[in-house]
Structures are given as structure tokens and as C-alpha cells.
Amino acid sequence: MNLHEYQAKAVFRSYGVGVPRGGVAGTPDEARDVARSLGGEVWAVKAQIHAGGRGKGGGIRLARSPDEVFRHAASMLGAPLVTHQTGVAGQIVRKLLVERGCEIEREHYLGVAIDRSTDQTVMLASREGGVEIEEVAKRSPEKILTEQIDPVCGLMPFQTRRIAFGLDMRGERALKRAADFMSALHRVFMELDCSIAEINPLVLTKNGELLALDAKLALDDSALYRHPDLAAMLDPEEEDPTEREAKESSLSYVSLDGNIGCMVNGAGLAMATMDIIKLHGGEPANFLDVGGGANTEQVKSAFKILLRDDKVRAVLINIFGGIMKCDTIAKGILGALEEVRFKAPLVARLEGTNVEIGREILARSGVGIVTAADMREAAQTVVRLAAANSR
Amino acid sequence: MKPRKPSFVWRPRTLDEGAMSILIDENTRVVCQGITGQAGAFHTRQCLDYGTKVVAGVSPGKAGMRVEGVPVFDAVADAVDATGANASMIFVPAPFAADAVLEAHASGLRLIACITEGIPTLDMIKVKRALRSTPAVLIGPNCPGVISPGKCKIGIMPGYIHSPGTVAVISRSGTLTYEVVHQLTRLGIGQSTCIGIGGDTVVGSAFVDLLPRFEDDSGTTAIALIGEIGGRAEQDAASFIRAHVSKPVVAFVSGKTAPRGKRMGHAGAIISGGGGTAAEKIEAFRQAGVTVAESPADVGETVAAVIGSGRR
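Regarding its fold elements, chain A presents 13 helices and 18 strands. The principal-axis extents of the C-alpha atoms in chain A amount to approximately 80 × 50 × 40 Å. Going through the 391 residues of chain A one by one, you find that 55% of them count as buried. Summarising the internal contacts of chain A: among those between residues at least 6 apart in sequence, 69% fall at separations of at least 24. With an accessible surface of roughly 16,600 Å², chain A has 50% of that area assigned to carbon and sulfur atoms.

Here you go:
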């Protein structure tokens with residue numbers, strides 16, 4: 001789960017990670033009031049959406065008076081913001097963060113993440129901040145400083161010093177400030193079960209303060225049960241409504257651009273099914289992963305979501321039962337078809353636990369489901385039927 | 001503070017030499033942690049039916065019960081003392097699963113298969129740290145488990161699709177593993193041991209931790225490896241295969257056409273070297289002399305062709 005910048009900064013502030021002074025606004029009037037109460041001469045007006053690239057897309061604007069803050073807010077709120085991560089439709093801006101400007105001496109990058117190759121957390125830093133850090137990593141990997149963090153010892157002072165030296169911070173006071181900042185960020189990561197905590201840019205102000213000018217926090221969904229206060233920060237507006245509905249049935253649903261609806265169990269098989277559909281010239285319209293634990297009711301409601309998609313010209317059901325039983329799938333499919341009028345062809349390939357019962361249920365139902373013996377036949381058939389049904 | 005490097009120095013104990021499988025065999029005695037839950041009970045039955053010696057269950061506070069005829073104990077140590085259990089199969093709910101793994105380890109079990117899905121990543125980081133440099137092998141979490149067909153099944157994979165033989169299967173996926181095993185069996189190609197290592201960010205055993213065992217196992221003649229996009233596990237496997245594996249390897253990488261999801265932040269991509277794409281992994285395998293199947297429907301046939309021609 002991702003947090004908005006303003007939420008992440010509130011978390012940072014409570015852990016002692018320095019952030020600029022600011023406030024949240026939902027209307028232009030509120031934005032102007034926030035600017036006035038903050039004081040100062042320059043303010044940043046920042047769109048609160050879950051996507052990177054806001055600066056380039058016009059989602060971060062500077063204002064030199066509270067009235068200019070008002071005007072920026074009026075043009076940003078309620079309008080879609082398009083960045084390279086939002087897709088062409090963009091994301092509607094519903095909230096703004098108004099911050100008091102600060103005088104920047106230098107911009108760096110600082111982040112904490114999980115290193116899959118060492119199974120530890122890792123602190124990353126770079127002197128080059130405020131830029132596409134992924135590009136820096138690709139172009140000149142030596143510019144990325146890395147500290148592996150032992151889960152028993154935690155982030156050690158010598159490690160924070162090494163990063164500070166790498167960022168050209170010298171002297172007792174600067175080192176202490178950097179160490180406190182990094183330790184606090186690491187504490188946020190560990191105590192709140194984050195998967196990413198990223199500050200880009202981290203700025204050193206002319207007053208010698210370290211501030212997180214931007215903040216990205218992603219939380220480990222599996223650990224949200226330990227953090228009900230953070231789970232409550234979820235912004236449902238940021239999620240695809242159909243994907244959210246599927247999630248409420250404990251299933252995962254992904255919307256795509258093609259015309260073949262797909263119901264599969266397991267992420268690996270789902271990706272492989274998408275690969276084989278494309279290999280045979282088709283394009284998936286969506287993907288429904290029913291996972292392992294779903295019951296008939298959940299399969300039914302999920303299958304209804306899939307059928308509701310107007311783009312769907314044919315449906316492929318590719319199930320290899322393990323924990324999931326094929327008869328559960330078959331009953332769920334039939335339950336959905338009783339409630340939704342659906343004319344497009346259905347191709348089913350069932351294998352695994354209780355496969356005989358599942359096939360029997362489908363065969364006896366008389367709904368005319370085309371059965372396939374294996375994955376290749378299933379993919380070829382559904383691609384052909386979808387093409388025929390699109391003419 | 002130095003990052004842990006995968007250990008390539010493992011050598012089988014003399015006892016294992018000549019065994020036709022790795023990790024488990026017909027003498028493996030299994031304790032099921034979380035046996036009183038729905039999934040634990042159901043799969044204990046399935047494993048018993050397959051012929052696995054499930055000798056004990058553990059559910060704190062429920063000692064004295066029986067589930068599917070299997071005696072239940074309060075602690076793993078009690079189960080080990082009473083039944084000689086030497087491997088664990090874990091179905092304990094996610095919030096308590098890390099504790100279950102460490103209890104199994106503290107009770108001397110050498111093989112721990114954790115089926116549980118949704119364990120917090122930071123819990124797993126601590127578990128991995130605790131198991132580091134110990135002889136315990138953790139498979140999973142969030143995985144189907146491990147099976148040596150005809151001998152022992154520890155996990156949730158459907159038993160009937162497997163057949164005994166000499167091709168090893170190792171995979172990050174669950175159901176896609178079944179798909180591949182099913183293809184092999186239909187072509188008359190049996191399996192020595194099939195392992196689903198799990199799809200989580202942090203897994204107990206990576207490809208590189210298990211490949212040495214397959215290389216050393218006299219009962220394995222070829223290896224089918226199923227990877228997917230994300231991380232560097234496949235690239236690490238390719239490097240290891242290139243340097244240390246003499247047996248033929250066939251690979252498939254799923255997610256070649258997966259759309260790049262909306263992401264937040266780039267820290268994850270940076271540490272994986274900016275990569276993790278299917279193309280990069282496939283290229284690494286080809287460089288290592290691994291035969292890569294183009295379609296998920298072709299993995300079985302590709303293995304057949306490779307075994308038939310004896311090339312790698």
C-alpha cells in the first residue's frame with residue numbers, strides 16, 4: 001500500500017525525520033489559508049496523487065503570494081494530472097500539499113529498501129538528488145552509495161558516517177545531524193514494515209538543516225494487520241474501482257487493453273497464460289487471479305466482474321487446481337452465468353485437484369463451454385474465437 | 001555486516017549418496033505445524049494418502065487431540081521426542097508463521113517447508129538471519145512445498161500429476177510448476193524431486209541454494225527451472241549453472257509480456273541492478289548454456305528434446 005506524500009511526511013515528522021513546514025488543502029481557499037498561516041515568501045503547491053513524475057507533469061508549482069497559491073490550487077484541484085506513471089487518462093487531483101519554500105544548498109537522494117539478493121534492508125544514497133535516480137544507477141552505478149543493514153545490529157553509526165562522507169558532509173555537527181536523520185528514517189522503515197522509504201530530493205538548506213523535500217513510503221501489505229492506523233490511511237480513490245472490488249473478494253484483478261478475459265489461479269500461471277495468448281496473436285482484456293483460497297461465492301462474484309468488462313470478446317479459464325479445487329471454480333462460473341447475460345464464447349481448461357468433478361459440472365450444465373485439453377490448445381482456441389467474435 | 005553470499009560449498013552427507021531424491025525420501029517423518037486448521041487438516045490427509053509419513057501435528061494448547069489419526073502435540077520438541085519427526089510442514093497463519101519456522105529450527109528439524117502465504121517481509125528477514133550458517137533448509141514461504149514422487153510429498157501440490165523419475169523441477173511459481181510437471185508426466189518423463197521455492201521477496205532457499213544438491217544427486221539427470229520477472233534470482237542461477245552445473249538445464253521465464261505496473265519509488269529497481277525483466281533473465285540463461293522454452297506449453301517437450309539429445 002502506498003501513502004500520499006502528505007501522509008508520509010506526517011509519519012516522518014513523528015519519527016524526527018525533518019520535513020518542510022506545510023499543510024493539506026482540499027479547496028483553493030484552504031490552500032491560501034495554509035500558505036498564510038505558514039508565512040514566508042514562497043510556497044510549493046504539490047498535487048497529492050500516487051504516481052511519480054509529478055514535477056514534469058505540472059503537479060508541483062511554486063507561488064510567490066497566497067493569492068498565487070489560490071490560483072494554482074484552483075487550476076489543479078479536480079483536474080486530471082498526467083505523468084509517465086499514471087497512464088494517458090491521468091489521475092484526478094483531490095488534495096494538495098502546500099509547503100513553505102526553503103533555501104536549498106544541495107540536493108541528494110536517500111532511501112531504504114529490501115535487497116532481495118542479500119535478504120536484508122539496505123540504505124541507498126546519492127549525491128545526485130532530485131533527478132531520476134534509476135537513470136543515475138544505470139549510467140554511473142558508482143554514484144550510488146549502499147549500506148547493507150544487518151537485522152540484528154541495525155543501522156550502525158559508522159554506516160551513517162560512511163554515507164555522510166560520501167555526501168560530502170564533514171565536521172562534528174554535520175555528521176551528528178546526518179546520523180540522526182538516517183537513523184530516524186531507518187526506524188520508520190523497520191517499525192512500520194515499509195517496503196520502500198525514499199527521499200528524493202533530500203535537501204541541505206542554507207541554514208544547515210536536512211529536510212525531506214519529497215517523501216515516498218510504500219508499506220508491506222502483509223504487515224498492515226500490525227498497523228491499523230496506517231491501513232486507515234488508504235486512499236480508495238487511487239485504486240481502480242474494479243480492482244478494488246476484486247480485492248474485497250480477496251482476489252486480484254488487473255485490467256488490460258485487449259479483448260480476451262482471463263481467469264487463472266496463481267501469479268506465475270497467470271503471467272504464463274498472458275504470454276501464451278500473446279504468442280498466439282491474442283491480447284488479454286483483463287486478468288483475474290483467483291489464487292488458492294477462494295470459495296464458490298468469491299469465484300462467482302469475481303467472474304461477474306470479469307464478464308462485465310465490455311471489451312471482452314471471449315473468455316479463457318485456465319485453472320490448475322492445487323489448494324483451489326476445480327469443482328469450486330466450475331460452480332462459481334455457473335453461478336455467475338446464471339446472473340449475468342453473457343454471449344461471448346468461453347474456453348475452459350481445468351486440471352488438478354477434483355478435475356473430474358469440475359469438468360462434469362461444466363459438461364452437465366449445458367452452457368456450451370468449449371473445453372481444451374492443454375494450455376496451447378486453450379490459447380489457440382480462445383484467440384480464434386475472440387477474433388471471430390470481434391468482426 | 002557483509003552481505004551473505006549464497007553458499008556453494010554444500011556437500012551431501014555420505015548417507016544421502018545414491019539416494020534418488022534430495023531433501024526428502026520414503027523415510028522422512030513429517031510434523032505438521034498448524035494441523036488443526038482447515039488447510040493443515042486437509043493437506044495432512046492428502047499427504048497421508050500419497051504415502052507421506054505424517055507422524056505428528058502441532059497446535060499449542062491442543063495436545064492429545066488427533067487429526068486424521070495423527071497425534072497432536074503442544075510443541076514441536078514434544079512431537080520430535082515422541083515420534084522422531086525430522087521435517088516440518090507449516091500451515092500456521094501468517095502472523096505466527098515466523099515463530100513456527102524458528103520453533104521447528106530450535107527443535108532440530110533440518111527441513112522446514114512453510115506453505116503459509118502473506119508473511120510480513122521483515123519477519124522473514126529476521127528468520128533468514130537466524131537460519132544463516134545453520135544446516136536447516138527452509139523451503140518457502142508462500143510455496144507449494146517439496147515432493148519426491150512415489151516417496152514423500154510435503155506440501156499442497158496435487159500428487160497424481162507426478163511420476164517417479166530423474167528430472168528435477170525447481171520453480172518460483174506454484175500452479176505453473178504443476179503445469180510443467182503435468183507436461184513431463186504426460187510425456188513419460190518422471191521427476192526426482194520438485195520444489196516450489198515460493199514467490200515472496202524473501203524466500204528461505206533460492207535457486208542457487210538448491211541447485212548444488214541437484215548437481216550432486218545421483219538420482220537427478222536433468223533440471224527444469226521455472227523463473228519469473230522481478231529480482232535477480234534467475235541471473236544468479238544462470239551464473240551458478242555456468243560455473244558448477246554439468247547436468248542439462250531447461251528454463252522458462254514467465255511474465256515476458258506483463259505490463260509494467262504503476263510503481264512508486266525506484267529503490268527496488270536500483271538494487272536489482274535496474275533489471276528483472278524476462279528478456280534479461282532469458283539472455284542470462286542462454287549465456288549459461290541453458291535451453292530456454294519459448295512457450296509455457298513447450299517446457300515438457302523441450303526437456304524431452306534435451307534429454308534425448310544429451311546436450312545442454
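Having put the structure on the table, let's press on.
Below, the discussion takes up unusual backbone geometry. The omega angle of the peptide bond from Asn200(A) to Pro201(A) is 10°, so this bond is cis rather than trans. Within the element layout of this structure, Pro201(A) appears in strand β10 (residues 194-205). Residues Gly140(B) and Pro141(B) are joined by a peptide bond in cis, for which omega reads 10°. Of note, Pro141(B) is situated in the loop between β7 (137-139) and β8 (145-148).

Accessible area lost during the coming together of the parts is what is often quoted as the interface size. Contacts between the two partners involve 59 residues from chain B and, on the opposite side, 70 residues from chain A. Taken together, the two surfaces of chain B and chain A that pack against each other cover about 5,500 Å², and 62% of this comes from carbon and sulfur. Where chain B meets chain A, there are 7 salt bridges. The salt bridge involving Arg226(A) is made with Asp123(B); its shortest N-O contact spans 2.9 Å.

For the structure shown, the criterion picks out 0 disulfides over all chains. Free of any disulfide, Cys32(B) has its nearest cysteine sulfur in Cys47(B), 7.9 Å distant.

Residue and element names in this part refer to chain B. Spatially, 7 strands are ordered β3-β4-β2-β1-β5-β6-β7 in an open sheet, and the strand pairing comes out mixed. With partners counted over all chains shown, the strands left at the sheet margins are β3 (66-67) and β7, one partner each. Examined bridge by bridge, β3 and strand β4 (residues 70-73) share 2 bridges and lie antiparallel to one another. Across the sheet, residue arginine 66 finds its bridge partner in β4, namely proline 71. Relative to strand β2 (residues 53-58), helix α2 (residues 76-83) is tilted by about 145°, and along the sheet it contacts β1 (29-33), β2 and β4.

This brings us to the packing of helix α9 (residues 267-279) of chain A against helix α5 (residues 175-186) of chain B. Two quantities define a packed helix pair, namely the angle between the helix axes and the distance between the axes. The contact between α9(A) and α5(B) brings their axes to 6 Å, and the two run at 65°. Accordingly, the angle class assigned to the pair α9(A) and α5(B) is roughly perpendicular. Residues Gly268(A), Leu269(A) and Ala272(A) of α9(A) touch α5(B), and the partners they reach there are Thr175(B), Leu176(B) and Glu179(B). Among the residues making up the contact of α9(A) with α5(B), the classes are represented as 3 nonpolar, 2 polar and 1 charged.

Moving on, we get to the pattern of salt bridges. Proximity of charged atoms lets side chains of opposite charge pair with each other. All names here are of chain A. This structure, assessed with the given rule, holds 36 salt bridges over all chains. Put simply, arginine 226 and aspartate 193 hold a salt bridge, and the shortest N to O gap is 3.0 Å. Of this pair, arginine 226 sits in the loop between β12 (216-219) and α7 (228-231) while aspartate 193 is found in the loop between α6 (172-191) and β10, placing the two residues 33 residues apart along the sequence. When its relative accessible area of 4% is taken as the criterion, aspartate 193 is described as buried. Among the charged side chains, a network of salt bridges with common partners joins Glu5, Lys9, Lys46, Arg54, Glu99 and Asp214.

All names here are of chain B. A residue-level look at chain B finds 87% of positions with pLDDT of 70 or above and a mean pLDDT of 89. With pLDDT under 50 throughout, residues 1-19 is counted as low confidence; its partners more than four residues away or in other chains account for 28 contacts. Interface confidence for the predicted complex, given as ipTM, is 0.91, next to a pTM of 0.91.

The next point concerns the sheet that holds strand β14 (residues 260-264) of chain A. Residues and elements named next belong to chain A. As summarised here, the arrangement of the 6 strands in space is β13-β15-β14-β16-β17-β18, forming an open sheet in which the pairing is mixed. With partners counted over all chains shown, the strands left at the sheet margins are β13 (252-255) and β18 (370-371), one partner each. Strand contacts of helix α13 (residues 375-390): β14, β16 (314-321), β17 (346-352) and β18, with the helix running at about 165° to β16, the strand carrying the most contacts.

Right, let's get into the nonpolar core. Counting 95 residues, the largest nonpolar core has Ile154(B), Leu225(B) and Phe285(B) as the members making the most contacts within it. The leading source of residues in this core is α13(A), at 7 residues. Leu225(B) has contacts with Ile170(B), Phe207(B), Leu211(B), Ala237(B), Ile241(B), Val249(B), Val250(B), Ala251(B), Phe252(B) and Phe285(B), leaving out every residue within four places of it along the chain. Within the second largest apolar cluster, 70 residues are counted, among which are Ile114(A), Met123(A), Met182(A) and Ala212(A).

Residues and elements named next belong to chain A. Turning to helix α3 (residues 66-76), its buried residues are Pro66, Val69, His72, Ala73 and Met76. Summarising the axial view, the buried residues of α3 lie within an arc of 115°, below the 170-degree limit, and thus occupy one face. In the core, the buried residues of α3 are packed alongside α2 (28-38), β2 (43-47), β3 (60-63) and β6 (96-100). At the exit of α3 stands glycine 78, carrying a positive phi of roughly 85°.

Further remarks concern the packing of aromatic side chains. What characterises a pair of aromatic rings is the spacing of the ring centres plus the angle enclosed by the ring planes. The final tally for this structure, using the stated rule, is 1 aromatic pair over all chains. Its end group placed over the ring of Phe42(B), Lys325(A) keeps NZ or CZ at 4.5 Å from the ring centre.

Residues and elements named next belong to chain A. Where α9 contacts α13, the axes come no closer than 9 Å and their chain directions differ by 55°. The pairing of α9 with α13 is recorded here as oblique in orientation. Viewed along their axes, α9 and α13 form a crossing whose handedness is right-handed. For the pair formed by α9 and α13, the contact residues are Leu269, Ala272, Thr273, Ile276 and Ile277 on the first element and Met375, Arg376, Ala379 and Val383 on the second. For the contact of α9 with α13, the class distribution of residues is 7 nonpolar, 1 polar and 1 charged.

All names here are of chain A. Inspection of the secondary structure assignment puts leucine 334 in helix α11 (residues 326-339). Spatially, the C-alpha atom of leucine 334 lies 9.8 Å from that of threonine 296, the residues being 38 residues apart in sequence. When sequence neighbours within four positions are dropped, the list of residues in contact with leucine 334 reads Ile361, Leu362, Ser365 and Val367.

Rules behind the numbers
- Residues numbered from 1 in each chain as written.
- Chains lettered and ligands numbered in written order.
- Predicted model: local features only at pLDDT ≥ 70, side-chain atom pairs only at ≥ 80, totals over all residues.
- Heavy atoms only, no water.
- Helix = DSSP H or I, 4+ residues; strand = E, 2+ residues; numbered from the N terminus.
- Buried < 20%, exposed > 50% of the residue type's maximum accessible area, 1.4 Å probe, protein only.
- Contact = heavy atoms within 4.5 Å.
- Areas by Shrake-Rupley, 256 points an atom, 1.4 Å probe, with all protein chains shown as cover.
- Buried area = accessible area lost by both parts, 1.4 Å probe.
- Salt bridge = Lys/Arg side-chain N within 4 Å of Asp/Glu carboxyl O.
- Disulfide = S-S within 2.5 Å.
- Pairing = 2+ DSSP bridges.
- Axes fitted to C-alpha atoms, helices over the stretch in contact; angles between N-to-C directions.
- Parallel < 35°, antiparallel > 145°, perpendicular 65-115°, else oblique.
- Nonpolar A, V, L, I, M, F, W, Y, C, P; charged D, E, K, R; others polar.
- pLDDT = per-residue confidence, 0-100.
- Core = buried A, V, L, I, M, F, W, Y, C linked by side-chain atoms within 4.5 Å.
- Arc of directions from axis to C-beta.
- Phe/Tyr/Trp six-rings, centres within 6.5 Å; stacked < 30°, edge-to-face > 60°.
- Lys NZ or Arg CZ within 6 Å of the ring centre and 35° of its normal.
- Left-handed = near helix turned anticlockwise from the far one by under 90°.

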